[in-house]
2 protein chains.
Amino acid sequence: MDDCIFCRIVRGEIPADVVYRDELVTAFRDIEPMAPVHVLVIPVRHLQSTRDVELRDEPMLGRLLRVASVVAQQEGIADLGYRLTINTGRDGNQLVPHLHLHVMGGRMFGWPPG
Amino acid sequence: MDDCIFCRIVRGEIPADVVYRDELVTAFRDIEPMAPVHVLVIPVRHLQSTRDVELRDEPMLGRLLRVASVVAQQEGIADLGYRLTINTGRDGNQLVPHLHLHVMGGRMFGWPPG
């Protein structure tokens, strides 16, 4: 996707504070953090949202979730805990149309999640 | 885990409204729903939280996320959108110590997620 802002971050065309990168996923800090630690983990391959995932995406999705736990450990929030969130579509409040997982920690989170 | 409430649901020892089941994950309705649709997707194998995931868990984690999207489709919330949430540890507000993914939809979700 030529003009997708997250694809452009993956390609290095837009600066971002990248904290993890492999062949399937990239993780970088959210530019509008809602917690002391707020990192996004995204698939390298453009997928608009979780509505578009197929059986063949399971390896990438597994990596996405495991890397979230790795990032939480790296960022020092694993011991006290954290929240993982994926927003899908209008009701989910998804703002960027490239699937992304929010890793948020460094404060307590209430219930329900929004 | 003999006394884990979610392991007991997987084994059928505690009744639950199961909406999906395969060899890796089970999905059932949350008994304290915070949205018109509120389903939990959990691994069959007991894992306390995302803090305990390892490389070998990636296939299960990929299935967990893909089944969340399948459940959203089944429940009729995919078109308008939904929110996926995993709570980890104290700060994340995790109440049951067996990894679980919340699939919530049927209403709009605000930001931040708690």
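Residues numbered from 1 in each chain as written. Chains lettered and ligands numbered in written order. Predicted model: local features only at pLDDT ≥ 70, side-chain atom pairs only at ≥ 80, totals over all residues. Heavy atoms only, no water.

Chemist: Describe in detail the environment of Met104 of chain B, supporting the description with residues and values.
Modeler: Examined against the element boundaries, Met104 of chain B turns out to sit in strand E5 (residues 101–105). Distance in space between the C-alpha atoms of Met104 of chain B and Pro33 of chain B is 8.6 Å, their sequence separation being 71 residues. Among residues more than four places away in sequence, those in contact with Met104 of chain B are Trp111, Pro112 and Pro113 of chain A together with Met34, Ala35, Val37, His38, Ile77, Tyr82, Arg83 and Phe109 of chain B. (Helix = DSSP H or I, 4+ residues; strand = E, 2+ residues; numbered from the N terminus. Contact = heavy atoms within 4.5 Å.)

Chemist: Pulling in residues and values, what's your account of helix H2 (residues 58–74) of chain A?
Modeler: Residue and element names in this part refer to chain A. Spanning 17 residues, H2 covers 24 Å between terminal C-alpha atoms, matching the ideal 24 Å at 1.5 Å per step. Counting buried residues in H2 gives 13 out of 17 residues, a clear majority hidden from the surface. Two residues or fewer after H2 comes Gly76, characterised by a positive phi angle close to 80 degrees. (Expected span 1.5 Å × (residues − 1). Buried < 20%, exposed > 50% of the residue type's maximum accessible area, 1.4 Å probe, protein only.)

Chemist: I'd love a proper account of the pairing of strand E4 (residues 82–88) of chain B, names of residues and values included.
Modeler: Burial of E4 of chain B is extensive: 7 of the 7 residues sit out of reach of the surface. Because side chains alternate across E4 of chain B, one face comprises the buried residues Tyr82, Leu84, Ile86 and Thr88 of chain B, and the other comprises Arg83, Thr85 and Asn87 of chain B, equally buried. One ladder, built from 7 bridges, connects strand E4 (residues 82–88) of chain A with E4 of chain B; its direction is antiparallel. Note on E4 of chain B: the bridge partner recorded for Ile86 of chain A is Leu84 of chain B. As paired strands, E4 of chain B and E5 of chain B are joined by 4 bridges and run antiparallel to one another. Bridged to Leu84 of chain B within E5 of chain B is Val103 of chain B. (Pairing = 2+ DSSP bridges.)

Chemist: Which residues make up the packing of H2 of chain A against helix H2 (residues 58–74) of chain B, and what values go with them?
Modeler: Angle between the axes and distance between the axes: these two values describe a pair of packed helices. At a minimum axis separation of 7 Å, H2 of chain A and H2 of chain B run at an interaxial angle of 100 degrees. Judged on the interaxial angle alone, H2 of chain B and H2 of chain A are roughly perpendicular. Contact residues: Glu58, Pro59, Leu61, Gly62, Arg63, Leu64, Leu65 and Arg66 of chain A in H2 of chain A; Glu58, Pro59, Leu61, Gly62, Arg63, Leu64, Leu65 and Arg66 of chain B in H2 of chain B. (Axes fitted to C-alpha atoms, helices over the stretch in contact; angles between N-to-C directions. Parallel < 35°, antiparallel > 145°, perpendicular 65-115°, else oblique.)

Chemist: Describe the packing of aromatic side chains, and please don't skip the residues or the numbers.
Modeler: Residue and element names in this part refer to chain A. Applying the stated criterion across every chain yields a total of 2 aromatic pairs over all chains. Taking 5.4 Å as the distance between ring centres and 75 degrees as the angle between the ring planes, the aromatic pair formed by Phe6 and Phe28 counts as edge-to-face. Here Phe28 lies in strand E2 (residues 25–29) and Phe6 lies in helix H1 (residues 5–10), a separation of 22 residues in the sequence. Accessibility assignment for this pair places Phe6 and Phe28 in one class, buried. Over the face of the ring belonging to Phe109 we find Arg107, whose NZ or CZ atom lies 4.0 Å from the ring centre. (Phe/Tyr/Trp six-rings, centres within 6.5 Å; stacked < 30°, edge-to-face > 60°. Lys NZ or Arg CZ within 6 Å of the ring centre and 35° of its normal.)

Chemist: Account for the relation of the copies chain B and chain A, naming residues and giving values.
Modeler: Taken as rigid bodies, chain B and chain A are interconverted by a rotation of 180 degrees and an axial shift of 0.0 Å, the fit giving an RMSD of 0.0 Å. Such values leave the two copies arranged in the relation of a two-fold axis. (Least-squares fit on C-alpha atoms with pLDDT ≥ 70 in both.)

Chemist: Please set out the sheet that holds strand E1 (residues 18–21) of chain A residue by residue, giving values where relevant.
Modeler: Whenever strands of a sheet pair, they do so through backbone hydrogen bonds, lying parallel or antiparallel. The strand order E1(A)-E2(A)-E3(A)-E5(A)-E4(A)-E4(B)-E5(B)-E3(B)-E2(B)-E1(B) describes an open sheet built from 10 strands, whose pairing is antiparallel. At either end of the open sheet lies a strand with only one pairing partner, and these are E1 of chain A together with strand E1 (18–21) of chain B. Strand-to-strand twist in this sheet, taken as the mean axis angle between neighbours without regard to direction, amounts to 20 degrees. Its contacts with the sheet place H2 of chain A against E1, E2, strand E3 (37–43), E4 and strand E5 (101–105) of chain A together with E4 of chain B, and it is angled at close to 160 degrees to E3 of chain A.

Chemist: Tell me what's going on with the side chain of Arg63 of chain A, and back it up with residues and numbers.
Modeler: Of note, Arg63 of chain A is situated in helix H2. Using a relative accessible area of 14% as the deciding quantity, one classes Arg63 of chain A as buried. Within the structure, Arg63 of chain A has its side chain in polar contact with the side chain of Asp22 of chain A (distance 2.9 Å). Look past the residues within four positions of Arg63 of chain A in its chain and what remains in contact with it is Asp22, Glu23, Leu24 and Val25 of chain A together with Glu58 of chain B. (Polar contact = N/O pair within 3.5 Å; in protein donor to acceptor, adjacent residues only side chain to side chain.)

Chemist: Could you give an account of the environment of His38 of chain B, with specific residues and numbers?
Modeler: When you line up the elements, His38 of chain B lands in strand E3 (residues 37–43). For His38 of chain B, a relative accessible area of 3% translates into the label buried. Sequence separation of His38 of chain B and Gly106 of chain B is 68 residues, and the distance between their C-alpha atoms is 8.8 Å. For His38 of chain B, the residues in contact, after removing those within four places along its chain, are Trp111 of chain A together with Arg29, Asp30, Glu32, Pro33, His102, Val103 and Met104 of chain B. Within the structure, His38 of chain B has its side chain in polar contact with the backbone nitrogen of Met34 of chain B (distance 3.0 Å). Of the polar contacts made by the side chain of His38 of chain B, one reaches the side chain of His102 of chain B; its length is 2.8 Å.

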